[in-house]
Amino acid sequence: MTAHFSRSRRALAVPAGMAMATALALLPNVSAAAEADATSLSYVVNVQPGHGPSPRVERAITEAGGTIVTSYDQIGVIVVHSANPDFAKALRTVPGVASAGNTRNAPLPAQSTTEVGTPKVLSAAEAAAVEAADGQDPLQPLQWDLPAIKADKAHETSLGSRDVTVAVIDTGVDDTHPDLAPNFDRDASVNCVTGKPDTADGAWRPGPTESAHGTHVAGEIAAAKNGVGMTGVAPGVKVSGIKVSTTAGYFYTEAVVCGFVWAAEHGVDVTNNSYYTDPWYFNCKNDPDQRALVDAITRASRYAEKKGAVNVAAAGNENYDLAADEITDPVSPNDGTPSDRVVDPSKCLDIPTQLPGVVTVAATGAKGIKSSFSNHGLGVIDIAAPGGDSTRFQTPAPPATSGLILGTLPGGRWGYMAGTSMASPHVAGVAALIKSTHPYLPPTAVKALLYAQADATACTDPYDIDGDGKVDAVCEGSKNLNGFYGWGTADALDAVTK
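## Some remarks on the overall build of the protein
And step 1. When you go through the protein residue by residue, the secondary structure sums to 11 helices and 19 strands.
And step 2. Looking at the protein as a whole, 61% of its 498 residues are labelled buried.
And step 3. Sequence-distant contacts, at least 24 apart, represent 77% of the contacts inside the protein between residues at least 6 apart.

Put into structure tokens, the structure is as follows:
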């Protein structure tokens with residue numbers, strides 16, 4: 001019942017897609033190539049923020065065989081390439097270095113394409129069979145998730161403000177999509193795959209064989225209410241694409257750091273993070289390399305919040321209890337040789353999901369209960385939102401036909417996915433509506449309203465999602481705060497009326 005994934009917090013399933021008469025656009029693969037020796041690894045070196053690397057640190061990097069790729073002086077994170085296997089160990093002895101570690105186990109590759117699969121495309125006749133009511137976009141009747149958080153009612157009051165931007169830190173966003181083009185913020189979009197911003201036009205788009213994940217997420221948040229396709233949770237706000245995953249689907253630390261800093265420096269109000277940072281599902285702070293990764297991304301996410309962004313992240317798709325005493329992690333490192341290591345999730349963190357200040361989102365299905373795959377945990381989960389589930393477990397009411405979540409796909413298409421990846425953008429959209437209603441609120445106040453306005457959702461007890469008579473997960477806590485739903489289910493109507 002539980003699905004395990006080796007790379008990112010992507011969709012659990014993509015069983016169906018939709019295409020209108022729009023011609024499929026061929027998206028150029030504009031991801032920046034990582035020019036490096038085949039034996040080189042990437043590292044982060046963390047120093048005192050604010051002043052850049054000291055001459056001593058710079059000299060030590062060079063003497064240890066490193067080359068500085070870029071330095072985020074605001075947060076004291078230096079991205080370095082080196083072929084010296086002892087590079088991090090050497091740097092950790094240098095005065096002024098707080099931590100240093102390799103961000104990956106596989107040598108730095110030149111960017112290459114890999115097949116990620118193509119969603120099944122419905123015919124124009126099948127799409128045309130959907131009967132939308134007055135005021136609805138053509139595919140909105142298939143979006144059971146909008147009424148689940150009262151977004152349809154919220155839109156009668158507000159669609160959100162164009163002064164608000166949500167950044168999708170992900171696999172890239174196809175801004176040519178007819179449901180995304182009207183709301184796309186090009187100035188806040190970038191390619192961060194190498195750890196250094198690439199601002200070439202269209203660099204934020206996925207290549208033709210890359211994952212549709214980021215584009216789907218962007219549509220859930222801000223697909224325009226324009227008489228085309230579907231409707232986003234906040235169809236009046238802007239959305240940007242910050243591409244941080246390699247063509248093979250890895251989200252490495254240097255790229256994620258770049259993404260948060262870019263968002264911070266470009267006026268982003270909300271970031272959506274539907275992934276975990278590779279190669280470690282859980283990063284243990286007693287390991288010097290993993291501690292450096294936690295340090296770097298903590299600095300970057302806190303900097304984004306300090307500059308005005310609410311950071312929202314998916315809880316994960318393994319049905320883990322993130323508040324348990326221990327969890328067996330069988331997938332790390334996912335770019336090397338993984339082993340079944342037992343970790344304490346209070347000391348070994350899923351990043352950015354478990355970082356301080358990040359809004360951690362669990363998924364619910366069409367019946368409003370925890371999705372079969374969603375991670376959970378009292379004190380870890382902050383809020384819940386629709387992420388879909390197997391239609392066998394949670395069947396939506398007609399006219400919706402799938403228990404999964406409808407979203408935009410590259411090339412002018414629409415399709416279904418499921419996962420906490422799909423729950424997180426619902427909360428990001430609600431946060432954007434709160435920011436639209438209260439434009440001068442700082443992130444801490446936006447989060448406080450997000451939790452206060454959530455609809456309290458009691459524990460599902462017993463939780464036997466597949467009906468086999470066995471408990472599939474245990475929920476702890478009260479109706480107002482528990483391990484399945486946190487403070488409750490996100491409420492878009494309150495976001496625009498209170």
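## A word on the state of the cysteines
And step 1. According to the stated counting rule, one finds 3 disulfides in the structure shown.
And step 2. Across the disulfide from Cys-192 sits Cys-258; the S-S distance is 2.1 Å. Of note, the bridge from Cys-192 to Cys-258 carries an S-S torsion of about -60 degrees and is left-handed in sense. Residue Cys-192 is found in the loop between strand S8 (190–191) and helix H6 (213–222), and its partner Cys-258 is found in helix H7 (residues 253–265); the two are separated by 66 residues along the sequence. Residues Cys-192 and Cys-258 agree in their burial class; the two are buried.

## What to know about the sheet that holds strand S17 (residues 383–386)
And step 1. Taking strand neighbours across the sheet as the criterion, the 7 strands line up as S8-S9-S7-S10-S12-S16-S17 in an open arrangement whose pairing is parallel. The open sheet has two free edges, formed respectively by S8 and S17, since each of these has just one partner strand.
And step 2. As judged from the 2 bridges shared by S8 and strand S9 (residues 238–243), these two strands associate in the parallel manner. Across the sheet, Val-190 pairs through a bridge with Ile-242, a residue of S9.
And step 3. Packed on one face of the sheet, H6 meets strand S7 (165–170), S9 and strand S10 (270–273) and runs near 160 degrees to S7.

## Some words on the layout of surface pockets
And step 1. The space that makes up the second largest pocket amounts to roughly 270 Å³.
And step 2. Taken together, 16 residues form the lining of the second largest pocket, with Gln-136, Gln-140, Gln-143, Pro-147 and Asp-152 sitting closest to its centre.

## Things to note about the environment of Asp-73
And step 1. Structurally, the position occupied by Asp-73 is in the loop between strand S3 (66–72) and strand S4 (77–82).
And step 2. Residues Asp-73 and Gly-52, spaced 21 residues apart in sequence, show a C-alpha to C-alpha distance of 4.5 Å.
And step 3. Once residues within four sequence positions are removed from consideration, Asp-73 is found in contact with Pro-49, Gly-50, His-51, Gly-52 and Pro-53.

## Let's talk about the packing of H6 against helix H9 (residues 420–437)
Two numbers describe a pair of packed helices, the interaxial angle and the distance between the axes.
And step 1. Where H6 contacts H9, the two axes come as close as 8 Å, and the packing angle between them is 35 degrees. Crossing handedness for the pair H6 and H9: right-handed. Here His-213, His-216, Val-217, Glu-220 and Ile-221 of H6 lie close against H9, whose contacting residues are Ser-421, Met-422, Pro-425, His-426, Ala-428 and Gly-429.
And step 2. When its residues are assigned to classes, the contact of H6 with H9 shows 5 nonpolar, 5 polar and 1 charged.

## Some points on the sheet that holds S4
And step 1. Sheet architecture is open: 4 strands sit in the order S3-S4-S2-S5, paired in antiparallel fashion. Strand pairing shows two members of the sheet lacking a second neighbour, S3 and strand S5 (97–102), which therefore form its edges. In this sheet, neighbouring strand axes are inclined to one another by 20 degrees on average, regardless of whether the strands run parallel or antiparallel.
And step 2. Sheet topology note: the S3/S4 ladder contains 6 bridges and is antiparallel. Note that in S4 the partner of Thr-70 across the bridge is Val-79.
And step 3. Lying on the sheet, helix H1 (residues 55–63) is in contact with strand S2 (41–47), S3, S4 and S5; it crosses S3 at an angle near 145 degrees.
And step 4. Of the strands in this sheet, S2, S3 and S4 touch H7, which is tilted by about 25 degrees from S3.

## Some words on H6
And step 1. Within H6, 10 of the 10 residues are buried, leaving the element largely enclosed by the surrounding structure.
And step 2. Turning to H6, its buried residues number three or more, namely His-213, Gly-214, Thr-215, His-216, Val-217, Ala-218, Gly-219, Glu-220, Ile-221 and Ala-222.
And step 3. In the core, the buried residues of H6 are packed alongside S7, S9, S10, strand S18 (405–409), strand S19 (413–417) and H9.

## Description of the packing of aromatic side chains
And step 1. The full count for this structure, using the stated rule, is 11 aromatic pairs.
And step 2. A ring pair is formed by Tyr-281 and Tyr-320, whose centres lie 5.7 Å apart and whose planes are at 75 degrees; its orientation type is edge-to-face. Of the two residues, Tyr-281 sits in the loop between S10 and strand S11 (283–284) while Tyr-320 sits in the loop between strand S12 (310–314) and strand S13 (327–329), which places them 39 residues apart along the sequence. Grouping residues by exposure puts Tyr-281 and Tyr-320 together as buried.
And step 3. The cationic tip of Arg-104 hangs over the ring face of Tyr-252; the distance from NZ or CZ to the ring centre is 3.9 Å.
And step 4. The positively charged end of Lys-370 is found above the aromatic ring belonging to Phe-484, 5.5 Å away from the centroid.

## Concerning the nonpolar core
And step 1. Ranked by size, the top nonpolar core spans 61 residues in total, and within it Val-312, Val-359, Val-361, Ile-383, Val-427, Val-430 and Leu-450 carry the most contacts.
And step 2. A total of 9 residues in this core trace back to one element, the largest contributor, which is H9.
And step 3. Those residues in contact with Val-312, other than ones at most four positions away along the chain, are Val-270, Thr-271, Asn-272, Asn-273, Val-358, Val-359, Val-361, Ser-424, Val-427 and Ala-428.
And step 4. Counting residues in each nonpolar core, the second largest holds 39 residues, with Val-257, Ile-297, Ala-313 and Ile-351 among its members.

## A word on unusual backbone geometry
Across residues other than glycine, the phi torsion is negative in most instances, and most of the peptide bonds are trans.
And step 1. The linkage connecting Asp-278 with the following residue, Pro-279, adopts the cis geometry, with an omega of 5 degrees.
And step 2. Relative to the helices and strands, Pro-279 is located in the loop between S10 and S11.
And step 3. Here Ile-351 and Pro-352 are connected by a cis peptide whose omega angle stands at 5 degrees.
And step 4. Within the secondary structure layout, Pro-352 lies in the loop between strand S15 (348–349) and strand S16 (359–364).
And step 5. Even without being a glycine, Lys-150 presents a positive backbone phi close to 60 degrees.
And step 6. By the secondary structure assignment, Lys-150 is in the loop between helix H4 (145–148) and helix H5 (151–154).
And step 7. Residue Lys-150 is classed as partly exposed on the basis of its relative accessible area of 29%.
And step 8. For Asn-319, which is not a glycine, the phi torsion comes out positive at approximately 55 degrees.
And step 9. The topology assignment puts Asn-319 in the loop between S12 and S13.
And step 10. Using a relative accessible area of 13% as the deciding quantity, one classes Asn-319 as buried.

Rules of the game
- Residues numbered from 1 in each chain as written.
- Predicted model: local features only at pLDDT ≥ 70, side-chain atom pairs only at ≥ 80, totals over all residues.
- Heavy atoms only, no water.
- Helix = DSSP H or I, 4+ residues; strand = E, 2+ residues; numbered from the N terminus.
- Buried < 20%, exposed > 50% of the residue type's maximum accessible area, 1.4 Å probe, protein only.
- Contact = heavy atoms within 4.5 Å.
- Disulfide = S-S within 2.5 Å.
- Pairing = 2+ DSSP bridges.
- Axes fitted to C-alpha atoms, helices over the stretch in contact; angles between N-to-C directions.
- 1 Å grid on protein atoms, 1.4 Å probe; cavity = no way out; pocket = protein on both sides within 12 Å on 5 of 7 lines; lining within 4 Å.
- Points joined across faces, edges and corners; volume = space filled by probe spheres on them.
- Left-handed = near helix turned anticlockwise from the far one by under 90°.
- Nonpolar A, V, L, I, M, F, W, Y, C, P; charged D, E, K, R; others polar.
- Phe/Tyr/Trp six-rings, centres within 6.5 Å; stacked < 30°, edge-to-face > 60°.
- Lys NZ or Arg CZ within 6 Å of the ring centre and 35° of its normal.
- Core = buried A, V, L, I, M, F, W, Y, C linked by side-chain atoms within 4.5 Å.

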